[in-house]
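Reading the structure
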There are 6 protein chains.
Amino acid sequence: MNIHLINPNTSHHMTEQMTQSAKAVANAGTQIIGRTPKHGAVSIESHFDEAMSIIGVAEEVRQADSENANGMILACFGDPNIWAVRELTDKPVIGIAQAGFVMASMISTQFAVVTSLQRTVIIAKHLLQQYGYAHLCPQVLAVDMPVLALEDDTAFKAIINKSIEARDNGAGAIVLGCGGMSHLTEAIEQAVGIPVIDGVKSAVKLIEAMVGMNLKTSKHGDLAYPIAKPFLGDLQRFGA
Amino acid sequence: MNIHLINPNTSHHMTEQMTQSAKAVANAGTQIIGRTPKHGAVSIESHFDEAMSIIGVAEEVRQADSENANGMILACFGDPNIWAVRELTDKPVIGIAQAGFVMASMISTQFAVVTSLQRTVIIAKHLLQQYGYAHLCPQVLAVDMPVLALEDDTAFKAIINKSIEARDNGAGAIVLGCGGMSHLTEAIEQAVGIPVIDGVKSAVKLIEAMVGMNLKTSKHGDLAYPIAKPFLGDLQRFGA
Amino acid sequence: MNIHLINPNTSHHMTEQMTQSAKAVANAGTQIIGRTPKHGAVSIESHFDEAMSIIGVAEEVRQADSENANGMILACFGDPNIWAVRELTDKPVIGIAQAGFVMASMISTQFAVVTSLQRTVIIAKHLLQQYGYAHLCPQVLAVDMPVLALEDDTAFKAIINKSIEARDNGAGAIVLGCGGMSHLTEAIEQAVGIPVIDGVKSAVKLIEAMVGMNLKTSKHGDLAYPIAKPFLGDLQRFGA
Amino acid sequence: MNIHLINPNTSHHMTEQMTQSAKAVANAGTQIIGRTPKHGAVSIESHFDEAMSIIGVAEEVRQADSENANGMILACFGDPNIWAVRELTDKPVIGIAQAGFVMASMISTQFAVVTSLQRTVIIAKHLLQQYGYAHLCPQVLAVDMPVLALEDDTAFKAIINKSIEARDNGAGAIVLGCGGMSHLTEAIEQAVGIPVIDGVKSAVKLIEAMVGMNLKTSKHGDLAYPIAKPFLGDLQRFGA
Amino acid sequence: MNIHLINPNTSHHMTEQMTQSAKAVANAGTQIIGRTPKHGAVSIESHFDEAMSIIGVAEEVRQADSENANGMILACFGDPNIWAVRELTDKPVIGIAQAGFVMASMISTQFAVVTSLQRTVIIAKHLLQQYGYAHLCPQVLAVDMPVLALEDDTAFKAIINKSIEARDNGAGAIVLGCGGMSHLTEAIEQAVGIPVIDGVKSAVKLIEAMVGMNLKTSKHGDLAYPIAKPFLGDLQRFGA
Amino acid sequence: MNIHLINPNTSHHMTEQMTQSAKAVANAGTQIIGRTPKHGAVSIESHFDEAMSIIGVAEEVRQADSENANGMILACFGDPNIWAVRELTDKPVIGIAQAGFVMASMISTQFAVVTSLQRTVIIAKHLLQQYGYAHLCPQVLAVDMPVLALEDDTAFKAIINKSIEARDNGAGAIVLGCGGMSHLTEAIEQAVGIPVIDGVKSAVKLIEAMVGMNLKTSKHGDLAYPIAKPFLGDLQRFGA
């Protein structure tokens, strides 16, 4: 089984880190292929960064399809352009936010998201509303640090503090709100003492689950392949 | 990996059928142990049948725990007493309704449930509301046939007809609303032409996914183990 | 008019206490028959305790029906298995949580629940969502003390403090979140200075109201009598 | 116990009819005082008719208060100006729409409203949303006949037909959407075969219930007495 | 273009103030006609004050209609009797609360309301729920000062403080919750540093917008003209 | 006042048509500058087409900003990438879906959307949910014809038929669900007999309204300018 982990930002290091996280939980027979797009922002921290990622991601999705990937992971917590991506392929595709929410909803009654920048809180809230989990996740907290700074120790401690705040305020589980926190999951869980869920690992296991029961993205109706048509300008290669 | 598939009703034949469905999608290293409780109704078709299943199910959950099961499936579409069951163990537990909803939410924008008796529609609707999927599943349709009659050909055709009705009314995927339909999944999917999701198979894959990332039911807060205390009468054995 | 007050837990003292509260507001012609089930937990403080109460409660409901009770009260604030109980009889049945919510919704725009253990908060929240009162009750507060400790003075003061907190935060009325607080209602109201609503008393008056207009549980559709069928094991006596 | 039944429209005949319905279910010790306001429309069939009723109703509420009424019924299905009325008195006040919804929510999982003019459907829907019952009442049907024509046989048959339609579409109980249907309740119930709920009778029993447990409209916060201040023009008598 | 700004309270000074605010943003060709009703309270600070305003407002609406006003503003933040007013005319009518919410929803993802008395918070919350903006406006804060005291310096500072509190808690814009704050908008915005929206100005621009595209209140269905019928007593002049 | 009408698809003819509609309602002093992006699909009929439009649109937004546009219209009914676009500028920006919904919410209690392809219905439904209008718009109907075929007579008749269906099912106003229907608005309104709202015209008037009161997109928090950072590959020109 081949799963393409597509990092919508263009930072190879982050792709590598998330790929390691993914491999750590993948089944023996699962191959994780980390992919960094050629086009896009070096980190995704706004609606604009998210929107712009479609170019690079669409290329990667088509590439994955042509390489007979069995499923794909959209490895940015905002699940940017998830419905567009699902239109492009009949393989199962999951964003790491939805993946984390799904896992949290099966092991707790109330969970919390701890994310990076304050300005991305609204992105998580919109996703919770759209997917249906808003009433299960009353707390979305931010450490207000940039995605690319998540590796230093200050960030690590801030994430732990916010997670403890969420726990003491009733959360039964924590969903980490950024793919860049993936490698810290176990350490945070140990410090906080309740389940801490990484969307990357969750996505791997959910794609394996879907592939394992031969479940594909519905091509009836809303997520049917886009109608072939001309695209102009720089996007010509995406058109019919 | 051992997964206990606990059928909340007492019909061995149905346990057997669902266990076959489960095995059909389980990973090579996964053992499915079908369990039929000693106490309970021969089929579950009402809130009362659901409520009464707790006695038999609680025994099976404790048994599974003592046998070091890695996870458990509550194999009745009403997910009866799911929060109570989750309190009893730190192993992941999933009901087949939630399992089906989760899968459907990842491959479609709108799905439908096709279930057995009309009177169980409200049970599915309450679950959709509680889990957060109500806005993703505007159609819950019933063939209005008893659970134990689902094997005959009339039922089969009725399920197909309702599924086609749902599809033509906008559903991108069908969730089968009864464990007793599990063995018909492929045949129905072939007839309807859109993804048809069986909660039993979905549950197997989700438990495997959770176990594979070492995710356990949160014991912090709402789902902590029940406080040990005396139980009286026939239930004495469940008490401290 | 005979109203059976069924305490889902097996503590006679608590049944007695709630029966006294009930009698204090019952009409002259109303007889309150307090019933303690033979089977079940000595207190109800978890989803599991709730679920297990069905055995004892189902017996009491059938008994009440055979004694021509006019209505029944399910006297535990989680309204455990309320839909199952309503299926068993065409007499009106009310849980004390729904009863308290109904009363609060008629005298205030925003109310609060003050309950016992923190872990039961989620139970109240699920009920508020299911019955439709979530937007009217933004505050569910717990003193985090066990049900059977509610009689001591520390508990009494804690309930008052939480009620004052709720009031100062905008609540126009307090619903007491445990039948075991019933006897304290007046004292709490006096201390807090806004209406304090006991679910037990509310339930008595609502059952009298329903009986007085000859209103019965609908037997059309979702709450029809359960289909008669065999029950196995310890539950054989509940089957056909 | 004195309950003032205040008909917000100025049709004495309708007041009389509703008063008869009220008396039919009132307890032995309860006196029903039907009140027709001096000012207002002869029937209420629009937002405007509703809004204008406040003048006459406010006078009646003050009168009731000065006569030491124990509670009041706002006997128009739109519950016009209910929050304003509740501000004016600490006695319990209930509108017949909320009263009907409360009763229906205690005996069924899904109910329907059958009302008079099509244009009043939105009024019922707004109330269902505000009170929290929208998800319990997916059907609001109108016979599209004026309030004052509800007594003729055509109307009677139309109400029965709509109620049967609602029942066959899943409603477990019918709430009659106009005080002018009150006298037909039993006949409709007999024809439809499921509980049919009259808001007038429901309101009587709910006020008796509230008075019986000494429950008063909260005067803390949102429903506190209006601040005394000058009113100008024709409304001077309502001012300080 | 003539726009009638109808102040539902009877304070000429406040009408004057709001008319100035309105004129400050009106297009060159737009005439703002401030109207103070003859009947009603000198300030509106309760559901009762709101309800009573219909008499004076209805007269003004009819007057405006007869003077061929192009549109009308209901200049009280509770949008009192808005649906009734919309029934009376086919001209566009907007309340200043809805106007403020609309503007805020187009320039921010989350906004806050800062209002006068604490007891009016519930009125704003009900409007947010009814119009659909509740999830966009999680904060409704009050300075708890009477409407007619809003001009003094203490009030001004309190409004700024509450606005800063809202901003620091995530609001991207502030909607001023009282027409009496209109003249302070710029000063508050300067102090708070995020967009501060006055409902009066918003309403002027929205009415101009609607008139400019020839958009009228729908007279099909729910907002059709009220059926002509007799009104009794003081209200006779409003009847047929 | 300069308003840039940005057509997210690359069909000059459609830009032209919408610009004509816009000019027809613009104030005397308002200049409408129609803009067709260099990059993107010739029509937008899927999530993918929507997502890809960001490249061309982002260029146009920056261009508009540099030309001191006063406001911008995103002239595609899916409001594609609206939050991303709002981040890029402090000028007011409105999508034509939100614009149509806003107008409909001010003149009716219930409205309907009539759109082009069936597969775009879900896009409208997601927007209604996100903006808060879902409960005001229970009907989203599609003629199931491609955007670029909307000019022929069959499409015209189909739109009228769907609009009549919506009207007879309770809608008080129709919102046209595609910018390509803009030029047909008056003809449809005449045939249907209730207000028919074009998002393009609505957007012009709303931008004029916002500019007229100096209202700008909030730059505090969620919609602050994107953090400057490198973009790689084809998108380098968008980076820091």
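Residues numbered from 1 in each chain as written. Chains lettered and ligands numbered in written order. Predicted model: local features only at pLDDT ≥ 70, side-chain atom pairs only at ≥ 80, totals over all residues. Heavy atoms only, no water.

**Here's the deal with the interface of chain D and chain E**
With 46 residues of chain D at the contact, the number on the chain E side is 46 residues. When residues of chain D are sorted by the area they lose upon contact with chain E, Phe48(D), Met52(D) and Arg119(D) head the list and together hold 18% of the total. Here chain D and chain E share eight salt bridges between them. Between Arg237(E) and Asp234(D) there is a salt bridge; the shortest N-O distance is 3.5 Å. At the surface where chain D touches chain E, the tally comes to 27 residue pairs in polar contact (both at pLDDT 80 or more). Where the side of chain D that touches chain E is concerned, the elements lending two or more residues are strand E3 (40-41), helix H2 (47-52), helix H3 (54-66), helix H4 (82-87), helix H6 (121-131) and strand E10 (231-232) of chain D. In terms of residues, the side of chain D that touches chain E owes the most to one element, H2(D), which gives five residues. Tallied by class, the residues present in the side of chain D that touches chain E amount to 24 nonpolar, twelve polar and ten charged. Bridge count for E3(D) against strand E10 (residues 231-232) of chain E is two bridges, and the pairing is antiparallel. (Contact = heavy atoms within 4.5 Å. Buried area = accessible area lost by both parts, 1.4 Å probe. Salt bridge = Lys/Arg side-chain N within 4 Å of Asp/Glu carboxyl O. Polar contact = N/O pair within 3.5 Å; in protein donor to acceptor, adjacent residues only side chain to side chain. Helix = DSSP H or I, 4+ residues; strand = E, 2+ residues; numbered from the N terminus. Nonpolar A, V, L, I, M, F, W, Y, C, P; charged D, E, K, R; others polar. Pairing = 2+ DSSP bridges.)

**Looking at the layout of surface pockets**
In this model, the second largest pocket occupies a volume close to 340 Å³. Looking at the second largest pocket, it is lined by 18 residues, and the ones nearest its centre are Glu189(A), Ile194(A), Pro195(A), Val196(A) and Asn214(B). Every element with two or more residues in the lining of the second largest pocket is listed here: helix H7 (185-192) and strand E9 (196-197) of chain A. At three residues, H7(A) tops the list of elements feeding residues into the lining of the second largest pocket. For the lining of the second largest pocket, the class distribution of residues is six nonpolar, six polar and six charged. (1 Å grid on protein atoms, 1.4 Å probe; cavity = no way out; pocket = protein on both sides within 12 Å on 5 of 7 lines; lining within 4 Å. Points joined across faces, edges and corners; volume = space filled by probe spheres on them.)

**Looking at the relation of the copies chain B and chain A**
Mapping chain B onto chain A calls for a rotation angle of 180 degrees and an axial translation of 0.0 Å; the resulting RMSD is 0.0 Å. Such a combination of turn and shift is consistent with a two-fold rotation axis. For chain B, the smallest separation between a C-alpha atom and the rotation axis is recorded for Gly132(B), amounting to 2.2 Å. (Least-squares fit on C-alpha atoms with pLDDT ≥ 70 in both.)

**Examining the sheet that holds strand E5 (residues 93-95) of chain C**
Residues and elements named next belong to chain C. Taking strand neighbours across the sheet as the criterion, the four strands line up as E2-E1-E4-E5 in an open arrangement whose pairing is parallel. Strands at the two margins of the open sheet, each flanked by one partner only, are strand E2 (31-35) and E5. Neighbour to neighbour, the strand axes of the sheet diverge by 20 degrees on average, direction disregarded. As defined by bridge partners, strand E1 (residues 2-6) adjoins strand E4 (residues 71-74) across four bridges and the pair is classed as parallel. (Axes fitted to C-alpha atoms, helices over the stretch in contact; angles between N-to-C directions.)

**Concerning the pattern of salt bridges**
Within the structure shown, the criterion is met by 84 salt bridges over all chains. The closest approach of N and O atoms between Arg35(A) and Glu60(A), which form a salt bridge, is 2.7 Å. Within this pair, whereas Arg35(A) is found in strand E2 (residues 31-35), its partner Glu60(A) is found in helix H2 (residues 47-66), the two being separated by 25 residues in sequence. Among the charged side chains, a salt-bridge network with shared partners connects Glu45(A), Asp49(A) and Lys229(F).

**Side note on the interface of chain B and chain A**
Facing 45 residues of chain B, the contacting portion of chain A comprises 45 residues. A buried area of about 3300 Å², summed over both sides, lies between chain B and chain A, and 65% of it is on carbon and sulfur atoms. Summed over the shared surface of chain B and chain A, the result is zero salt bridges. Summed over the shared surface of chain B and chain A, the result is 15 residue pairs in polar contact (both at pLDDT 80 or more). Secondary structure elements with two or more residues in the side of chain B that touches chain A: helix H3 (82-87), strand E5 (93-95), helix H4 (96-107), helix H5 (121-131) and helix H8 (199-212) of chain B. Ranked by residues supplied to the side of chain B that touches chain A, first place goes to H8(B) with eight residues. Among the residues forming the side of chain B that touches chain A, the class breakdown is 21 nonpolar, 16 polar and eight charged.

**Some thoughts on the arrangement of the chains**
The two units chain A and chain D never meet; even their closest C-alpha atoms stay 16 Å apart. Regarding chain C and chain F, the two do not touch, and the least distance separating their C-alpha atoms is 16 Å.

**Focus on the relation of the copies chain D and chain E**
Of the transformation superimposing chain D on chain E, the axial component is 0.0 Å and the angular component is 180 degrees, with the fit at an RMSD of 0.0 Å. Residue by residue, 100% of the interface of chain D is reproduced at the interface of chain E, so both copies engage with the same surface.

**A word on the pairing of strand E7 (residues 139-142) of chain A**
Side chains of E7(A) alternate between two faces, with Gln139(A) and Leu141(A) and Val140(A) and Ala142(A) buried alike. Taking the sense of rotation as the criterion, the β-α-β connection linking strand E6 (residues 111-115) of chain A, helix H5 (residues 121-131) of chain A and E7(A) turns out right-handed. (Buried < 20%, exposed > 50% of the residue type's maximum accessible area, 1.4 Å probe, protein only. Right-handed = clockwise from strand over helix to strand, strands pointing away.)

**Regarding the environment of Ser11(C)**
Residue and element names in this part refer to chain C. Mapped onto the fold, Ser 11 is located in the loop between E1 and helix H1 (12-25). For the pair Ser 11 and Pro 37, spaced 26 residues apart in sequence, the C-alpha separation works out to 8.8 Å. Dropping the residues within four chain positions of it, Ser 11 is found in contact with Thr 36, Val 42 and Leu 148. Side-chain polar atoms of Ser 11 contact the backbone oxygen of Val 42, separated by 2.5 Å.

**A short note on the domain arrangement of chain A**
Residues and elements named next belong to chain A. You can read the domains of chain A as domain 1 (2-95 + 201-238) and domain 2 (97-199). Using C-alpha coordinates to define each centre, domain 1 is positioned 22 Å away from domain 2. Domain 1 puts 26 residues into the contact, and the matching count from domain 2 is 34 residues. Interface area for domain 1 against domain 2, summed over the two sides, is near 2300 Å², with a carbon-plus-sulfur share of 59%. Together, Glu 45, Phe 77 and Lys 201 form the three largest contributors to the area buried by domain 1 at its contact with domain 2, with a combined 33%. The interface formed by domain 1 and domain 2 contains two salt bridges. Measuring nitrogen to oxygen at the nearest pair gives 3.2 Å for the salt bridge that ties Asp 198 to Lys 201. Connecting domain 1 to domain 2 are 15 residue pairs in polar contact (both at pLDDT 80 or more). The set of elements that each furnish at least two residues to the side of domain 1 that touches domain 2 consists of helix H1 (12-25), H2, helix H3 (82-87), strand E5 (93-95) and helix H8 (199-212). (Domains from an automatic or database assignment.)

**Describing the side chain of Thr217(D)**
When you line up the elements, Thr217(D) lands in the loop between helix H9 (199-212) and E10. From its side chain, Thr217(D) meets the backbone oxygen of Lys91(D) in a polar contact 2.8 Å long. Each residue touching Thr217(D), except ones within four places of it in the same chain, is listed here: Ile107(C), Arg86(D), Thr89(D), Asp90(D), Lys91(D), Pro92(D), Val93(D) and Leu223(D).

**Let's talk about the side chain of Ser182(F)**
Topologically, Ser182(F) is positioned in the loop between strand E8 (173-176) and helix H7 (185-192). When near neighbours in sequence (up to four residues on either side) are disregarded, Ser182(F) contacts Ser21(F), Asp198(F), Val200(F) and Lys201(F).

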